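Architecture at a glance
Take a look at the letters that make up each chain.
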Amino acid sequence: MARRVLAIFFAILLAVVGTVAVLLYVRQADDRALANSSPVNVLIARERVPAGTTGESIRTRDLAQLVRMPAGSVPLDEVLNHIPAELDKLVVTSDLQPGQLVLRRMFSASTRTAGGLAIPEGKVAVSFEATMAEQVAGYVRPGSQVAVFATYQMSTDGKNRIVGGSGGQTVKGTAVLLPKVEVIAIGPYGEGSTTTTPLDGKTDQKGNAKPAVLVTVAVTAVEAAKLIQVAQGNALYLALLNDSSQVRPGVGVDSQSLFG
């Protein structure tokens, strides 16, 4: 009889402990959900803010406004609820679009500007067209670091020729043209990122012309010449980079080594 009473007591105790544990877990989950949904004040651009605009100008010209957003939907360590004095002399490195979050990392020391475009010291700006696939499904954005690949044809005498070149027997290949360049603008000045301009000879499986976007990068004069040369044959492809990406110029494959 005593054993039965003891067993019932332990069963009740375990049930109570289990119930309390479940209640505590649910409460913690609710707390986490509440923390993520708690609104925070963040700055967004009221209108288009050109690259090169100082933090002081954004504040004094009232180019940004406060809105409330769920804490879990914004990078809390980067968003701003005001423009601090420490950003007064710094400038935004790329255009801010209406409604875009104003983040601390968007500000940097002033660079040379031309036509409203911030160009790093010693570099030039070059634009070329790319389809959505060629600019990584639209993930390429101002400030992105990209590698540029080029497709070419190699003639039997060993000289590289961009797609579209003439010659006898050729081997088609693709290789890294520029291992790392910075994207400083997407789309034409003052407009959205996508245009309806078709690329000559570029069509989808149904024969419809593929829409293209304008990609502007900051490069040296030599790199600019390479890009312009290859862009004439619409043979460019972009690849997004991160801090650990390993890309070397000239690395690639051709139709003979593709499966090697």
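No experiment lies behind these values; they were computed from the predicted model shown. Residue numbering note: each chain is counted from 1, following its sequence as written. This being a predicted model, a pLDDT of at least 70 is required before a residue's local features are given, and a value of 80 or more before pairs of side-chain atoms are given or counted; all residues contribute to the totals for chains, interfaces and linings. Side-chain metrics rest on all non-hydrogen atoms present in the structure, leaving aside hydrogens and water.

**Some details on the overall build of the protein chain**
What counts here: Segments assigned H or I by DSSP are reported as helices when at least four residues long, segments assigned E as strands when at least two residues long, and all are numbered from the N terminus. Here a residue-residue contact requires only that any non-hydrogen atoms of the pair lie within 4.5 Å. In this description, accessible areas are obtained by the Shrake-Rupley approach with a 1.4 Å probe, and a residue is regarded as covered only by the protein chains that are shown.
If you tally the helices and strands in the protein chain, you get three helices and 14 strands. Contacts spanning at least 24 positions in sequence make up 71% of the contacts within the protein chain whose residues lie at least 6 apart. Here the protein chain has roughly 16200 Å² of accessible surface; of this, 55% comes from carbon and sulfur atoms.

**Brief notes about the nonpolar core**
We count it as follows: Buried Ala, Val, Leu, Ile, Met, Phe, Trp, Tyr and Cys residues that are joined via side-chain atoms within 4.5 Å together make up what is termed a nonpolar core. Three exposure classes are used, based on accessible area relative to the maximum for each residue type with a 1.4 Å probe and protein chains only: buried under 20%, partly exposed in between, and exposed over 50%.
Membership of the largest hydrophobic core comes to 22 residues, with the highest contact counts inside it found for Val 148, Leu 177, Val 215, Val 217, Val 219 and Leu 227. Sorting the residues of this core by element identifies β7 (124-131), β8 (145-155), β10 (170-186), β12 (209-219), α3 (221-231) and β13 (236-240) as the ones contributing at least two each. Aside from chain neighbours lying at most four places away, what touches Val 217 is Val 124, Ala 125, Val 126, Phe 128, Val 181, Glu 182, Val 183, Ile 184 and Leu 227. Counting 20 residues, the second largest nonpolar core, distinct from the first, contains Ile 44, Ala 64, Leu 96 and Leu 101.

**Details of α3**
We count it as follows: In this description, one arc is meant: the one made by directions from the helix axis to the C-beta atoms.
Here α3 has its buried residues at Glu 223, Ala 224, Leu 227 and Val 230. Buried residues of α3, seen end-on, are gathered within an arc of 135° and therefore sit on one face of the element. Opposite its buried face, α3 presents the exposed residues Ala 221, Val 222 and Gln 229, each directed more than 90 degrees away.

**Notes on the environment of Leu 178**
If you trace the backbone, Leu 178 turns up in strand β10. Separated by 32 residues in sequence, Leu 178 and Val 146 place their C-alpha atoms 8.7 Å apart. Dropping the residues within four chain positions of it, Leu 178 is found in contact with Ala 147, Val 148, Val 219, Glu 223, Lys 226 and Leu 227.

**Quick word on the side chain of Asp 88**
Secondary-structure assignment places Asp 88 in the loop between β2 (64-70) and β3 (91-92). For Asp 88, a relative accessible area of 13% gives the class buried.

**A look at unusual backbone geometry**
Positioned with a positive phi, Asp 62 is a non-glycine residue whose angle comes to about 55°. Among the secondary structure elements, Asp 62 is positioned in the loop between α2 (55-60) and β2. With a relative accessible area of 42%, Asp 62 lands in the partly exposed category.

**Considering the side chain of Ser 144**
Note the threshold: Any N or O atom pair separated by 3.5 Å or less is treated as a polar contact, with the protein-specific requirement of one donor-capable and one acceptor-capable atom, and with residues adjacent in sequence counted only for side-chain atom pairs.
Within the element layout of this structure, Ser 144 appears in the loop between β7 and β8. A polar atom in the side chain of Ser 144 sits 2.8 Å from the backbone oxygen of Arg 141. If sequence neighbours within four positions are ignored, Ser 144 has contacts with Tyr 139, Val 181, Glu 182, Val 183 and Leu 240.

**So, a nonpolar patch on the surface**
Applied cut-off: Patches here: salt-bridge-free residues with over 30% relative accessible area, like charges joined within 9 Å, nonpolar side chains (Val, Leu, Ile, Met, Phe, Trp, Tyr) joined within 5 Å. A pairing counts as a salt bridge when a side-chain nitrogen of Lys or Arg comes within 4 Å of a carboxyl oxygen of Asp or Glu.
A cluster of nonpolar side chains, contributed by Val 253, Leu 258 and Phe 259, occupies part of the molecular surface with about 350 Å² of accessible area. The residue Phe 259 is located in the segment after β14 (252-254) in this model. Judged by its relative accessible area of 80%, Phe 259 is exposed.

**Examining the pattern of salt bridges**
Should the charged atoms of two oppositely charged side chains come close, the side chains can pair. Scanning the entire structure with this criterion turns up five salt bridges. We note a salt bridge from Glu 56 to Lys 89, for which the minimum N-O separation is 3.8 Å. Of this pair, Glu 56 sits in helix α2 while Lys 89 sits in the loop between β2 and β3, placing them 33 residues apart in sequence. Across the salt bridge formed by Asp 88 and Arg 59, the nearest N and O atoms sit 2.8 Å from each other. A residue pair is termed long-range when its members are at least 10 positions apart, and Asp 88 in the loop between β2 and β3 and Arg 59 in helix α2 qualify at 29 residues. Arg 59 sits in the partly exposed class, given a relative accessible area of 36%.

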